[in-house]
Amino acid sequence: MNMLFDGLPRRALVALGLFLAVLLVAPWLVNAYILSLLVVVLYFAYAGQAWNVMMGFAGQLSLGHSLYVGLGAYAAAMMFTKFGVNPWVGLLVAVATTTAMGAIIGFLAFRFGIGGVYFAILTIAFSEFVRVGFDHWPWLGGSGGLFLPVANLSSNDLLNLRGAPIMFYYVMLAMCVAALGFCRWLLGSRLGYYWQAIRENEDAAAALGIPVFRYKMIAVMLSSAMTAFAGVFYAFYYNNLFPEQIFSMGRSIEIILGPIIGGLGTLIGPIVGAFVLTPLADGLSELLQWAGIDVPGVKQVFYGICLLLVVVFLPNGIWPMLARRLGLEREH
Amino acid sequence: MALLEVVGIGKHFRGLRALHDVSFSIPQGAIHAMIGPNGAGKTTCFNVVAGVYKPDGGSIRFDGKPIAGLRPDQICRAGIGRTFQVVKPFPGLSVLDNVVVGALNASASVAQARKEAMRVLELLHLADKAKHPAASLTLPERKRVEVARAMATGPKLLLLDEVMAGLRPTEVDEMVAVFRRVNQETGLTILLIEHVMRAVMALAQHIVVLHYGEKIAEGAPQEVVKDPKVLECYLGEEAL
Amino acid sequence: MSDLYLNAAVGGALTGLVYGLMALGLSVIFGVVRVVNFAHGEMMTGAMYGAILLAQAFKLDPLVAMAPIAIGMFLLGYGLQRGLVNSFVQRPEHTQFMLMVAVAIILTNSQLIAFGPNARNVQVDYALDSYQFGALIIDKVRIFAAIAALAVSGALFAFFRFTLTGRAIRACADNYLGAQVVGLNVKHLYGLTFGIGAACLGAAGCLLLLLLDVTPLQGPSYTLLAFIIVIVGGMGSLTGALLSGLLVGVSEALAGVAFDPSAKSMFTFALLILVLLFRPQGLLGRRP
């Protein structure tokens, strides 16, 4: 446990503690709209953290993470609606499904030397493949969608994930903290070193005795397993699933924007990214609505411009710069 | 007994004959050098031994076991560390972390690997750069990091591909001293590809000369440099 | 019954040649500039809207509009390379990729804002004409589109093989440093390459408009299609791209007849997976 906080300057620990404290009391201080926004922020922070394991740590660019969100969501929703299994047990099915999917994609790509952007294309192709499949699978609602019975908002049933937004908020917060701790541990472990070596230079990594194929597979499978929870959460929070939406490439892009803007490969980057991007985009939507401009696509153009600006002017993301300015960097 | 025994290996690239029927062996604890003009096949030979390329034929035995056709990571775990002619550092990691990655090969834990990495960094006079990002180093420093990384994997045999290139004479002498010390203290066997003859003559007990992918001479350094065939291949190149 | 399949296959093959031309643009850009144009489908969608505007304003047949659209796309491609992409040529692969993703997102949604979500098309007066050879009935538009696609591809091959500029570009692709050393203006040649790739795309877009509607959100799926065609054909092989485009066209058409038109992309993905499994270097690609 000590290792999790090793090397962090005191002020960083204090900042982290304060931030967590604010998040813990936030639901009682804000209105329903802000709370719903915070739930979405935490969702993206978590999903971004999961994606970051694969790209940020191990250097394998996935542009199809909506695949794992969608599969996780459908797996748990299926278990719940068809077999009456609670979402926590459903999560196991979801994790098994997404991990298997990640393994298939990873095997196909890495076995045959499909790397870099071609790997990214393959992840999109699989995501689209599965989307079309679900569109044509009537048992799970097909393109008409799969719906979960809507919750009674007055009582919170944690076991079945039925309840008010505040319950979902704390569930997601807990998962975000867990994911952060887990990723911190990963980075400092043998696995983390091997991944970073592979990310930086595969040939050199292999020459140092690292079985590159195996460790890339572990990265893909672990990342897809973690992402499964984001899907389960999505299903039970929104109560409806449409293949067209949940598997869409737009969703994948939304997931990866946070970590990239926040700081690829850093632990705090995905969180910073989610806290910056989601409120900005939502605020923009609100503003446009208020101004009476109701044109679809404006939000996405905004996303695109944000991404462009960050890629051109802040290639390492916001967090590394911020951490340096505030003296919150880790020391060796 | 020979630690590395290479017999009759060959390698073709789309009709280009890079290596043909090359044999050599290195006894345990020795320091050998491989020299030859540019394009002679030295690096290809390294890459075949290190598992980057599969040989078209012939056999490679290391420590009594056949290793031809194994993957690079398996060869490293078998006990052969190597550096790259064109350095391949992990630019985003610190110098220390670069070496830790190598040290993990022979360490049970990350903590132990860090200790081992620090030891190797000190050995190579890189300790004061430990926290610098590898991307910020000069080329000779990067070469030393590369050597440190390979040494940290705990090899029985170290393949060094032109690690002296670009060093000043005093730095060459420094590196020579380091390798000699490691060789004497731990019995580490070393095979180096080198153009810097100052280092070759100071370190190697035995030299293999490659030219156009074939071994044209081998023997003790003083004899090899007087060999008319060797002189011809170098002078021939100069004359171009 | 077999007539139905035959007709679908031939029609699909003709459409596939246009796909091939589209993928050719991607292959050319990647082969030389080494930057993956992730905004490929989005740029083509833009070209299709351009052709629609020309048809509305001047009653220009898309076959005729090919010339101005290709020129316009060439200039845009050249500008994009010199203005934005060029400073990324030496940056890590994923950074380049994210840059193009950003461009793609902005393009798609700007098109959505400008043209609305509904599908649009161009009606030519020969749209319903067809030629009949025995049981085989082929739409006139498909024949025209396929011939034009072949002609443009042929011109592209000739350009790279016989012109000095084309050879200089190939030299850049083979050896960046060497090309600089012998005094080639690499930045300019990269710009030209990007422009040529975009021009192929413009031509392909005009031809596709004869066959299909255009919607603002179609971009990503065409980007994906272009990539799949390039991978299936073999990275870096121009003939491979054309051949694989043809194959994808046929498989799509047959899937549409045998199953459901909306499931046709699944067959394309299945083709990709098969190729990755059994011939990872692609149909005409060289083994690495």
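In this report, the structure presented in the accompanying data block is examined. (Residues numbered from 1 in each chain as written. Chains lettered and ligands numbered in written order. Predicted model: local features only at pLDDT ≥ 70, side-chain atom pairs only at ≥ 80, totals over all residues. Heavy atoms only, no water.)

### Let's talk about the overall build of chain A
Argument step 1. In terms of regular secondary structure, chain A is built from 15 helices and 2 strands.
Argument step 2. For a compact globule of 332 residues, the expected C-alpha radius of gyration is about 20 Å, and chain A comes in at 20 Å, within 12% of that figure.
Argument step 3. Projected onto its principal axes, the C-alpha coordinates of chain A cover approximately 55 × 45 × 40 Å.
Argument step 4. Here chain A holds 332 residues, and 59% of them are scored as buried.
Argument step 5. For chain A, the proportion of contacts with a sequence separation of at least 24, taken over those separated by at least 6, is 77%.
Argument step 6. Accessible surface for chain A amounts to roughly 13100 Å². Of this, 67% is attributable to carbon and sulfur atoms.
Argument step 7. A distance of 8 Å separates the average location of the 16 positive side-chain charges in chain A from that of its 14 negative side-chain charges. (Helix = DSSP H or I, 4+ residues; strand = E, 2+ residues; numbered from the N terminus. Rg over C-alpha atoms; globule rule 2.2 N^0.38 Å. Buried < 20%, exposed > 50% of the residue type's maximum accessible area, 1.4 Å probe, protein only. Contact = heavy atoms within 4.5 Å. Areas by Shrake-Rupley, 256 points an atom, 1.4 Å probe, with all protein chains shown as cover. Lys, Arg positive; Asp, Glu negative; His and termini not counted. Charge placed at Lys NZ, Arg CZ, Asp CG, Glu CD.)

### Some details on the interface of chain B and chain A
Argument step 1. At the interface, 29 residues of chain B touch 20 residues of chain A.
Argument step 2. Summing both sides of the interface, chain B and chain A together bury roughly 2000 Å²; the carbon and sulfur share of this comes to 64%.
Argument step 3. Considering only the side of chain B, the residues that lose the most area to chain A are B:Phe90, B:Val101 and B:Leu104, jointly responsible for 24% of the buried surface there.
Argument step 4. Applying the counting rule to chain B against chain A returns 1 salt bridge.
Argument step 5. A salt bridge links B:Lys88 to A:Asp203; the nearest nitrogen and oxygen atoms lie 3.6 Å apart.
Argument step 6. Counting across the interface, chain B meets chain A through 7 residue pairs in polar contact (both at pLDDT 80 or more).
Argument step 7. Secondary-structure elements contributing two or more residues to the side of chain B that touches chain A are α2 (72-78), α3 (95-103), α4 (110-123) and α5 (139-152) of chain B.
Argument step 8. Tallied by class, the residues present in the side of chain B that touches chain A amount to 13 nonpolar, 7 polar and 9 charged. (Buried area = accessible area lost by both parts, 1.4 Å probe. Salt bridge = Lys/Arg side-chain N within 4 Å of Asp/Glu carboxyl O. Polar contact = N/O pair within 3.5 Å; in protein donor to acceptor, adjacent residues only side chain to side chain. Nonpolar A, V, L, I, M, F, W, Y, C, P; charged D, E, K, R; others polar.)

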